[in-house]
Each structure stands twice: as structure tokens, then as C-alpha cells.
Amino acid sequence: MFAMVVVDTVRAMKTKPVLDLEQAAKPSAAVLYQLGITGIAHVLQNALLPHLVAGLGILLISVYVEYTVWIAPHHFSANLSAILVIVLLGIYGIVAFGYSLLAAATFALYEACAAWEDFIDYLFDLVQERALARLENVDESLAKDQAKVLIRGSIREVVQNVRKQPGSAWPRWLAALGLGGVVLAMRSVLIARIVKWSGTTIKLSKLFAGKATLVGAIFLNLRLFALMLLGLVYGLGGTVLFLQGIFWWWGR
């Protein structure tokens, strides 16, 4: 059942969100950020119901197995058995709902990555400007460790400024999921370029050279990050079902 719901969800999410950049001739990072969150939310609205159904399946299977293995063999009174089942429904219901929401949001992030391309491009420019502004001479060579610290600090400052923009109508956790993915992808790409650079020093002008290639790599890393997170979340659900199957077989 769980696998069938996942397949149905993937089939239903073929329409990719598209950013409407006509809202501003020169959209700011905040505008692109809000549009990116809107892209995730658009997919989330369509993906939430199938994932809730999957979560309900996990809930019912888990409660049935727990009842069969831990409650029924002890022959409790009808009232006590009913209370224990209600407690199980409450506990597993909260867990299943949280899992469904996380799975749907992760799926939405993966499907909506295309909506972050313009935001990644703009954020890259801001990070570059912030990093170069810290140096008196843009052609100054930095030790690799110093360059790593500079890049991490610049990304952190830019992200903090974006977060201070007027609030979005969407939940903070959803915005944090999308922005966190972009930050991880950008940081990993830039740090990897520093590490792979020949020699013990590097110039920032060389680090940021080839913007199109770097932005493309960041986008691909974001997709990979989202795909790995999605696989981890789906794998967690599959593991729960597998363990419940073992408990059911053991308690027969």
C-alpha cells in the first residue's frame, strides 16, 4: 500500500512549478525567495493528501500489529483493551501525521527545485559581493582555510539578511527546509572548489569564475540533497513497516 501511494504521488506531481518573474523587473532576493517557497507550497498542496493516506496506512498497520502482539494475548478486559487501543491510536497518530507532513514537504522540495534556480543565481551574486567586500584587494590571495571561513561567513550573513525580509504566508519550517537545502548546496559547491584548487592559496576572483557552471552545480547539488532526503524519509517509512511485519510474524 505504501509503495503504491508513493507511485501515485510521483505520477501526480508531473507539473513543475514555474516562477512568475513579471512581478518585478529586477526581483530582489526576498521576492525570489518568496516565489521559491510558493513553488514548494504549490507542490505540497497536491502531495499532502497522498502522503497522509500513506501515513494512515502506516498508522493502521502499526496499531493492528501492536494490538495483536502486545494486547490481545493478555486478554485484558474490554474497557482496558479499548483504552490501550485509543492510546496507541493517539501516539501513532501523532507520529504518522508528522511523518506524512515531513514526507510531503520533502517530496515538494525535490519537485520544486526548479523554482529555486533564479533564487540560487541571485543568492550567488550576493555571496560573491559580500565576500569581495571583505577584501581590500579582490586579487589578494588567501590561504584555503581563510577562504573557507570567508565563504561560510558570507553565506551566513546573506541568508540572515534574507530571513529578515517581510514574513511569508507560508510556515517557517517550510521556508527553512527550502533555504536550508540551498545553503547546504551552495556551501558544498564553493568549499569543494576551494579544496580541489591546486596550490595552498586561492584568489576569490578565481573562486567565483565561471558563474554559470557554479550555479548549475549548486542546483544539481540541491536536487541531490532533496533526493537523498526524500529517500531517507521514504526509507524510514519502509523500515517501520518492515519492523511491524517482523513483530507480527514473531507474535503469531
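Owing to the predicted nature of the structure, the values given are computational and were not obtained by experimental measurement. (Residues numbered from 1 in each chain as written. Predicted model: local features only at pLDDT ≥ 70, side-chain atom pairs only at ≥ 80, totals over all residues. Heavy atoms only, no water.)

Enquirer: Account for the overall build of the protein, naming residues and giving values.
Expert: Helices and strands together make up the secondary structure of the protein, namely eight helices and two strands. Going from N to C terminus, the protein has its helices and strands arranged as α-α-α-α-β-α-α-β-α-α. Expressed as a percentage of the 252 residues in the protein, the buried residues total 39%. Within the protein, contacts between residues separated by at least 24 positions form 85% of all contacts whose residues are at least 6 apart in sequence. Counting every atom, the protein has about 13,800 Å² of accessible surface; 65% of that belongs to carbon and sulfur. (Helix = DSSP H or I, 4+ residues; strand = E, 2+ residues; numbered from the N terminus. Buried < 20%, exposed > 50% of the residue type's maximum accessible area, 1.4 Å probe, protein only. Contact = heavy atoms within 4.5 Å. Areas by Shrake-Rupley, 256 points an atom, 1.4 Å probe, with all protein chains shown as cover.)

Enquirer: Got a sec to walk through the packing of aromatic side chains? Specific residues and values, please.
Expert: Evaluation of the coordinates by the stated rule reveals two aromatic pairs. Over the ring of tyrosine 110 we find arginine 223; its NZ or CZ atom is 4.4 Å from the centre of that ring. (Phe/Tyr/Trp six-rings, centres within 6.5 Å; stacked < 30°, edge-to-face > 60°. Lys NZ or Arg CZ within 6 Å of the ring centre and 35° of its normal.)

Enquirer: Break down the confidence of the model for the protein for me, with residues and values.
Expert: Averaged over every residue, the pLDDT of the protein is 80; residues scoring 70 or more account for 82%. When pLDDT is averaged over each element of the protein, helix H3 (residues 78-111) comes out on top at 91 and helix H1 (residues 2-12) at the bottom at 40. Low pLDDT, under 50, characterises residues 1-26; the predicted model gives this stretch 40 contacts beyond four residues in sequence or across chains. (pLDDT = per-residue confidence, 0-100.)

Enquirer: Go over the pattern of salt bridges with me, naming the residues and quoting the values.
Expert: For the structure shown, the criterion picks out four salt bridges. A salt bridge links aspartate 121 to lysine 211, with the nearest nitrogen and oxygen atoms 3.3 Å apart. Of the two residues, aspartate 121 is situated in helix H4 (residues 117-133) and lysine 211 in helix H8 (residues 211-250); the sequence distance between them amounts to 90 residues. Here lysine 211 makes a salt bridge to aspartate 125, at a shortest N to O gap of 2.9 Å. Taken together, the positions of lysine 211 in helix H8 and aspartate 125 in helix H4 put the pair 86 residues apart, joining distant regions of the chain. For aspartate 125, a relative accessible area of 23% puts it in the partly exposed group. Through salt bridges with shared partners, a single ionic network connects Asp121, Asp125 and Lys211. (Salt bridge = Lys/Arg side-chain N within 4 Å of Asp/Glu carboxyl O.)

Enquirer: Describe the packing of helix H5 (residues 144-163) against helix H6 (residues 172-196), naming the residues involved and giving the relevant values.
Expert: Between H5 and H6, the least distance of the axes is 10 Å, while the angle of their chain directions is 160°. Of the possible angle classes, the one that applies to H5 and H6 is roughly antiparallel. Seen from above, H5 lies across H6 with right-handed handedness. Of the residues in H6, those touching H5 at Lys144, Ala147, Lys148, Ile151, Arg152, Ile155, Val159 and Arg163 are Leu179, Val183, Met186, Arg187, Leu190, Ile191, Ile194 and Val195. For the contact of H5 with H6, a count of residues per class yields eleven nonpolar, no polar and five charged. (Axes fitted to C-alpha atoms, helices over the stretch in contact; angles between N-to-C directions. Parallel < 35°, antiparallel > 145°, perpendicular 65-115°, else oblique. Left-handed = near helix turned anticlockwise from the far one by under 90°. Nonpolar A, V, L, I, M, F, W, Y, C, P; charged D, E, K, R; others polar.)

Enquirer: Which residues make up unusual backbone geometry, and what values do they have?
Expert: Positive phi values are uncommon outside glycine, yet histidine 75 reaches one of about 55°. Along the polypeptide, histidine 75 turns up in the loop between helix H2 (29-71) and H3. Relative accessible area serves as the criterion here: at 71%, histidine 75 is assigned to the exposed category.

Enquirer: Now, about the packing of H4 against H6: what can you tell me, with residues and values included?
Expert: One can describe the packing of H4 onto H6 by two numbers: an axis separation of 11 Å at closest approach and a directional angle of 55°. With respect to their mutual orientation, H4 and H6 come out oblique. Considering only the axes of H4 and H6, their crossing is right-handed. Where H4 approaches H6, its residues Phe119, Ile120, Leu123, Phe124 and Val127 are matched on the opposing element by Leu179, Val182, Met186 and Leu190. The residue makeup of the contact of H4 with H6, split by class, is nine nonpolar, no polar and no charged.

Enquirer: Outline a nonpolar patch on the surface, listing residues and values.
Expert: A cluster of nonpolar residues, Phe76, Leu80, Ile83, Val87, Ile91 and Val95, forms a patch on the protein surface that exposes about 510 Å² of accessible area. Its location among the elements puts valine 95 in helix H3. (Patch = residues over 30% accessible without salt bridge, like charges linked within 9 Å, V, L, I, M, F, W, Y side chains within 5 Å.)

Enquirer: I'd love a proper account of the nonpolar core, names of residues and values included.
Expert: Judged by nonpolar contacts, the single largest core of 59 residues is most densely connected at Trp116, Ile151 and Leu190. Put simply, the parts of the chain that give this core at least two residues each are H2, H3, H4, H5, H6, helix H7 (204-207) and H8. In terms of residue count, the dominant contributor to this core is H6 (twelve residues). Grouped together as the second largest cluster of nonpolar side chains are five residues, Leu59, Val63, Leu88 and Ala96 included. (Core = buried A, V, L, I, M, F, W, Y, C linked by side-chain atoms within 4.5 Å.)

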